Amino acid sequence: GADGRQLDGEFTGASTISGDGVQGGDLVFFSKRPTEFVARFTSISGIIDVTLFRDRTPLTVQNFLTYANRGVWDLTFIHRSVSGFVIQGGGFSAQGTNNYPRITQDAPVLNEPGISNLRGTIAMAKLGGDPNSATNEWFFSLGNNASNLDNQNGGFTVFGEVRASAGLSVMDALAAFQVVNAQSVNGAFNEIPVVDRNVVISRPGSLTLLTTD
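This section reports on the structure supplied with the text. (Residues numbered from 1 in each chain as written. Predicted model: local features only at pLDDT ≥ 70, side-chain atom pairs only at ≥ 80, totals over all residues. Heavy atoms only, no water.)

## Let's talk about the overall build of the chain
- Counting its regular elements, the chain contains 4 helices and 11 strands.
- Counting across all 213 residues of the chain, residues that qualify as buried make up 41%.
- Roughly 11400 Å² of accessible area belongs to the chain as shown, and the carbon and sulfur atoms make up 50% of that amount. (Helix = DSSP H or I, 4+ residues; strand = E, 2+ residues; numbered from the N terminus. Buried < 20%, exposed > 50% of the residue type's maximum accessible area, 1.4 Å probe, protein only. Areas by Shrake-Rupley, 256 points an atom, 1.4 Å probe, with all protein chains shown as cover.)

Okay, structure coming up:
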């Protein structure tokens, strides 16, 4: 107890003694729904914990959790990095050597704009000219992108934010890697961050990527 005393509790009656052998004083346990939902990104540069806005963007969070719980983002990687703007991932897998298959997309999720795209927020990527086209790709805002992304294409749905300064530091570390144009490997890799730029230049197609789980 709070006073440091041991608690007595016969969970199934006096026949199973777990206290002092006197009936009564059973311990009753209650389960509670969590007040916060947190997703953890484990990356080459460290851990980013993200608070998910389940109450404000329920469809988008459920869409995100569906992909995450299937494990399809294990060894996904940041495939787009734009200095001061965003780092983007969730679209491709690095499961094979020099083979980066696109992650299978579920049906698009309905857009849920309204939360500003500020530094440290995570939002869904989507197709131009189609507000309700978000599927499996997401991005972190490296700076304040509210003036650009809050209204563009129906507004980009922010569904979470980095919880602490340590996570922001990891986000910035991922954004600090050198970026190359690797369209020869995949047309979507024109702004892809890599661990060793010189290897990419000397051996086109050999990418050491910034993977996340």
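## Structural notes on the layout of surface pockets
- Considered as a void within the structure, the largest pocket measures approximately 330 Å³ in volume.
- Gln88, Ala125, Lys126, Leu127 and Glu137 are the residues nearest the centre of the largest pocket, which is lined by 18 residues in total.
- When contributions to the lining of the largest pocket are tallied by element, the ones reaching two or more residues are β5 (86-89) and α2 (146-149).
- Per-class residue counts for the lining of the largest pocket are 8 nonpolar, 7 polar and 3 charged. (1 Å grid on protein atoms, 1.4 Å probe; cavity = no way out; pocket = protein on both sides within 12 Å on 5 of 7 lines; lining within 4 Å. Points joined across faces, edges and corners; volume = space filled by probe spheres on them. Nonpolar A, V, L, I, M, F, W, Y, C, P; charged D, E, K, R; others polar.)

## Some thoughts on the pairing of strand β8 (residues 158-162)
- Counting buried residues in β8 gives 4 out of 5 residues, a clear majority hidden from the surface.
- Where strand β2 (residues 46-52) and β8 come together, 3 bridges link them in antiparallel fashion. The residue of β8 that forms the bridge with Thr51 is Glu161.
- Pairing between strand β6 (residues 121-124) and β8: 3 bridges, direction antiparallel. Of the residues in β8, the one forming a bridge with Ile122 is Gly160. (Pairing = 2+ DSSP bridges.)

## Considering the pattern of salt bridges
- Within this structure, the stated rule accounts for 6 salt bridges.
- Measuring nitrogen to oxygen at the nearest pair gives 3.1 Å for the salt bridge that ties Asp106 to Arg70. Residue Asp106 is located in the loop between β5 and β6, and its partner Arg70 is located in helix α1 (residues 58-70); the two are separated by 36 residues in the primary sequence.
- For Asp106, a relative accessible area of 26% gives the class partly exposed.
- Judged by relative accessible area, Arg70 falls into the partly exposed class, the value being 44%. (Salt bridge = Lys/Arg side-chain N within 4 Å of Asp/Glu carboxyl O.)

## So, the packing of aromatic side chains
- Per the stated rule, a full pass over the model turns up 14 aromatic pairs.
- Plain terms: the ring middles of Tyr67 and Trp73 are 5.4 Å apart, the flat faces sit at 25° to each other, and that makes the pair stacked.
- Note on Tyr67: relative accessible area 0%, which makes it buried.
- By relative accessible area, which is 6% here, Trp73 ends up buried.
- A centroid spacing of 6.1 Å and a plane angle of 65° characterise the contact between Tyr100 and Phe189, whose relative ring orientation is edge-to-face. Residue Tyr100 is found in the loop between β5 and β6, and its partner Phe189 is found in the loop between β9 (178-180) and β10 (192-194); the two are separated by 89 residues along the sequence. Per residue, the accessibility class of Tyr100 equals that of Phe189, and both read buried.
- Feature note: the residues Phe41, Phe64, Tyr67, Trp73, Trp138, Phe140 and Phe159 constitute an aromatic cluster, connected by ring pairs.
- Cation over ring: Arg54 sits above Phe37, and NZ or CZ is 4.3 Å from the ring centre.
- A cation sits over an aromatic face here: Lys126 above Phe156, 4.7 Å from the ring centre. (Phe/Tyr/Trp six-rings, centres within 6.5 Å; stacked < 30°, edge-to-face > 60°. Lys NZ or Arg CZ within 6 Å of the ring centre and 35° of its normal.)

As far as function goes, none of this settles anything; it's purely spatial.
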